[in-house]
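Architecture at a glance
The lines below spell out each chain.
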Amino acid sequence: MFNKDGLTRLPLQALRSQRWYAPETIRAFAHRQRTQQMGFAREEFLGKPVIGIINTWSDMSACHAHLRERAEAVKRGVWAAGGFPVELPALSMGEVMVKPTTMLYRNFLSMETEELLRQHPIDGVVLLGGCDKSTPALLMGAISMDIPALFCPAGPMTTGKWRGQVTGAGTHTKKFWDQLRLGAITQHDWVELEGAMTRSIGTCNTMGTASTMTSIAEAMGFTLPGASAIPAADSRHPQMASRCGQTIVDMVWYGHRPSRWLKKVNFLNGIVVYMALGGSTNAAIHLIAMANRAAIPLTLDDLTAVSRRVPVLANLFPSGNALMEDFFFAGGLPALMKKLTRFLHLDAQGVTHQPVSQWIENAVCYDDDIIRDVSNPVIPLSQGSALTVLRGNLCPDGAVMKSSAASPALRCHTGPALVFDSHEALSAAIDDPDLDVTQDTVLILRNAGPVGAPGMPEWGNLPIPKKLLEQGVTDMVRISDARMSGTHYGTCILHVAPEAAIGGPLALVQTGDLITLDIAGGTLNMQVEAEELARRRAAFTPTHPVFDRSWAALYQQHVTQANEGCDFDFLQSGRVVPEPPIF
């Protein structure tokens, strides 16, 4: 599976674990002694590559509930290939359970990953994750540590059904919630849905952030080819995990670390796949953060250039009408990439030390409705793309939206703003029958960005006021400095930068100001005179919560803005951190 052509096998003494185990010193004696204390014989670990398995399993992460078993499958592969596997538990970020948002802790997991690998005698690592922020976090840490690393995706859950209707995690939750608010379904129906929609282990089965990021990881070369779409409950999933264990041993012996193969073309391939999948807007933040860790320049402009050329081809919720299990049986990511060859850098390599052209050489599409041809897209470029970047006096550093999910009637729209300073205020007012709002109103939520919330929660899919739902309104222009779940849809403008909390123009908008959105022109503006904006800025006082202790305090002090990746300023590429001294 790993292509050794043109590579030289490293001698045993070149492995970093040998610094711990090989010397005839009192400290190395203690390392060997304590390893044997755990029941391992000397011949089981001495002279072998030590393979770390970073496991993000926990009882509070439904998407990762099976990763203990998958870690055992990885170990089987490592043992079979002559390595010594060690499992290292790390922060588990179950998207639904973690509050206020897993995004607050993405950088935490990236730091933990890097430091777990640095502080232990690890030669190479298999990263077990998949739920939303866990994928970029693990990859960011591995890129910064720069030892051989391979990502093993958790896999999507199986298809859900309720009363004969296909249900996708997240996407249909929002739809059924609106139906419950309207009285279209009963409380009994709602309770029944709880037990029917998410019916197996694994990540969301729609093209939400989880499958967007695991697919991007595969397209970039961080996984084994075809790994990202294998359903978590499928018997082929633990087989893939075992092959990850075998492959990483070869990667270690041949020194195949990220800096050897990760280039800008890998990121560009990931972006092409992102657009063709109709993926989550969250990927725009994560891709930039990952590139910064690799010292590879990547901006919203790079993403825009690809989005203007690559239409949505994957017929998956929320842009289409199928789910990840259907995508897998249609041929998975290799089949999609084969249809995208004109856009891809086919000479890019990944963890297997093979070019993309070889990954997809034998790929076959078995359902041309699920994985469309470029000539028959799910959504033509004339109707929008997976990512549209907007700029204007409301978002000078950019804002993003999934224009393919926007209502045609709202693609060019001017309406009065209705501003909420917090999600609490929005939630308290949104179902008020006396709320002064029409279908032309532009709903605005601020103080929901990286610093303001903090952590930039997925609050951007602002609810439609109940009085308008009752009138049949299903979409409105909605603007925030928050993010939105990749499983959601609608004319939602997100990631407004700079955010309100640090004095961005969003902080200056007042209820009643006219807001103009022009998707085709790529602009978002408030129709307020410069002199008036200057007056408001002089009177501006931040209203977001400020933390003086805890992780949140560190986060607010060091997080960058959405257009910069929301990483910590001190974690982005810089001087190489030296190996730990051993005395």
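Structural data are supplied above this passage.
What this report covers is the structure whose coordinates are included nearby. (Residues numbered from 1 in each chain as written. Predicted model: local features only at pLDDT ≥ 70, side-chain atom pairs only at ≥ 80, totals over all residues. Heavy atoms only, no water.)

1. Focus on the nonpolar core
Leu 287, Phe 327 and Leu 340 are the most contacted members of the largest nonpolar core, which totals 114 residues. Here Leu 287 is in contact with Ile 216, Met 220, Phe 267, Ile 271, Tyr 274, Leu 298 and Leu 303, once residues within four sequence places are set aside. In terms of nonpolar packing, the next biggest core, distinct from the first, is built from 27 residues, Leu 390, Val 442, Ala 500 and Ile 519 among them. (Core = buried A, V, L, I, M, F, W, Y, C linked by side-chain atoms within 4.5 Å. Buried < 20%, exposed > 50% of the residue type's maximum accessible area, 1.4 Å probe, protein only. Contact = heavy atoms within 4.5 Å.)

2. Some details on the sheet that holds strand 10 (residues 442-445)
Reading across the sheet, the eight strands line up as 7-8-12-11-10-9-13-14 and stay open at both edges, with mixed pairing between neighbours. Every interior strand has two partners, whereas the edge strands, strand 7 (388-390) and strand 14 (523-526), have only one. In this sheet, adjacent strand axes meet at a mean angle of 30° when their direction is disregarded. As defined by bridge partners, strand 10 adjoins strand 11 (residues 478-480) across three bridges and the pair is classed as parallel. Of the residues in strand 11, the one forming a bridge with Leu 445 is Ser 480. (Pairing = 2+ DSSP bridges. Helix = DSSP H or I, 4+ residues; strand = E, 2+ residues; numbered from the N terminus. Axes fitted to C-alpha atoms, helices over the stretch in contact; angles between N-to-C directions.)

3. Some words on the packing of helix 12 (residues 264-277) against helix 13 (residues 282-293)
Running from N to C, helix 12 and helix 13 cross one another at 175°; their axes reach a closest spacing of 11 Å. By the angle between their directions, the pair helix 12 and helix 13 is classed as roughly antiparallel. Listed contacts from helix 13 to Phe 267, Ile 271 and Tyr 274 of helix 12 are Ala 283, Ala 284, Leu 287, Met 290 and Ala 291. Across the contact of helix 12 with helix 13, the residue classes break down as eight nonpolar, no polar and no charged. (Parallel < 35°, antiparallel > 145°, perpendicular 65-115°, else oblique. Nonpolar A, V, L, I, M, F, W, Y, C, P; charged D, E, K, R; others polar.)

4. Remarks on the sheet that holds strand 2 (residues 84-89)
Strand order in this open sheet of four strands is 2-1-3-4, and the pairing throughout is parallel. Strands with a single pairing partner mark the edges of an open sheet, and in this sheet they are strand 2 and strand 4 (149-153). Each adjacent strand pair in this sheet contributes to an overall mean axis angle of 20°, direction not counted. Note: strand 3 (residues 124-129) against strand 4, five bridges, orientation parallel. Among the inter-strand pairings, Gly 129 is bridged to a residue of strand 4, identified as Pro 153. Across the sheet, helix 6 (residues 134-145) touches strand 1 (50-55), strand 3 and strand 4, and the angle it forms with strand 3 is around 165°.

5. Topic: a nonpolar patch on the surface
Taken together, Met 60, Val 96 and Met 97 make up a surface patch of nonpolar side chains, about 350 Å² in accessible area. With respect to the helices and strands, the residue Met 60 is situated in the loop between strand 1 and helix 4 (67-80). Classification of Met 60 as exposed rests on a relative accessible area of 53%. (Patch = residues over 30% accessible without salt bridge, like charges linked within 9 Å, V, L, I, M, F, W, Y side chains within 5 Å. Areas by Shrake-Rupley, 256 points an atom, 1.4 Å probe, with all protein chains shown as cover. Salt bridge = Lys/Arg side-chain N within 4 Å of Asp/Glu carboxyl O.)

6. Quick notes on helix 10 (residues 236-253)
For helix 10, spanning 18 residues, the distance from its first C-alpha to its last is 26 Å, which sits close to the expected 26 Å at 1.5 Å a residue. Among the structural elements, strand 1, helix 4, strand 3 and strand 4 are those in contact with the buried residues of helix 10. Among the residues trailing helix 10, Gly 255 stands out with phi positive, at a value near 60°. (Expected span 1.5 Å × (residues − 1).)

7. Examining the pairing of strand 2
Looking at chain direction, strand 1 and strand 2 are connected through six bridges and run parallel. Looking at the pairing, Ile 51 lines up with Pro 85 of strand 2.

8. A short note on the packing of aromatic side chains
What the rule picks out here adds up to 13 aromatic pairs. Ring geometry for Phe 2 versus Tyr 254: centroids 6.1 Å apart, planes at 35°, classification tilted. Here Tyr 254 lies in the loop between helix 10 and helix 11 (258-261) and Phe 2 lies in the segment before helix 1 (18-21), a separation of 252 residues in the sequence. For the pair shown, Phe 2 and Tyr 254 are each scored as buried. Sitting above the plane of the Trp 253 ring, Arg 9 keeps its charged end 3.9 Å from the centroid. Residue placement shows Lys 175 over the ring face of Tyr 489; its charged tip is 5.5 Å from the ring centre. (Phe/Tyr/Trp six-rings, centres within 6.5 Å; stacked < 30°, edge-to-face > 60°. Lys NZ or Arg CZ within 6 Å of the ring centre and 35° of its normal.)

9. Structural notes on the pattern of salt bridges
Considering all chains together, one arrives at 29 salt bridges under this definition. Put simply, Glu 24 and Arg 32 hold a salt bridge, and the shortest N to O gap is 3.8 Å. Residue classification places Glu 24 among the exposed residues on the basis of a relative accessible area of 73%. Look at the salt bridges and you will find they share partners, linking Glu 95, Asp 132, Lys 133, Glu 458 and Arg 483 into a network.

10. Points about the pairing of strand 3
The element strand 3 is largely enclosed, with a buried count of six among its six residues. What you see with strand 3 is no split at all: Gly 124, Val 126 and Leu 128 on one side and Val 125, Leu 127 and Gly 129 on the other are buried throughout.

11. Some thoughts on the side chain of Thr 491
Inspection of the secondary structure puts Thr 491 in the loop between strand 11 and strand 12 (492-497). Taking relative accessible area as the criterion, Thr 491 reaches 0% and is therefore assigned buried. For Thr 491, the side chain forms a polar contact with the side chain of Asp 475, separated by 2.6 Å. Residues contacting Thr 491, with those up to four places away along its chain left out, are Met 401, Ala 405, Ala 406, Ser 407, Leu 410, Asp 475, Met 476, Val 477, Arg 478 and Leu 517. (Polar contact = N/O pair within 3.5 Å; in protein donor to acceptor, adjacent residues only side chain to side chain.)

12. Brief notes about the environment of Pro 334
Within the secondary structure layout, Pro 334 lies in helix 16 (residues 332-339). Separated by 115 residues in the primary sequence, Pro 334 and Ala 219 have C-alpha atoms spaced 8.7 Å apart.

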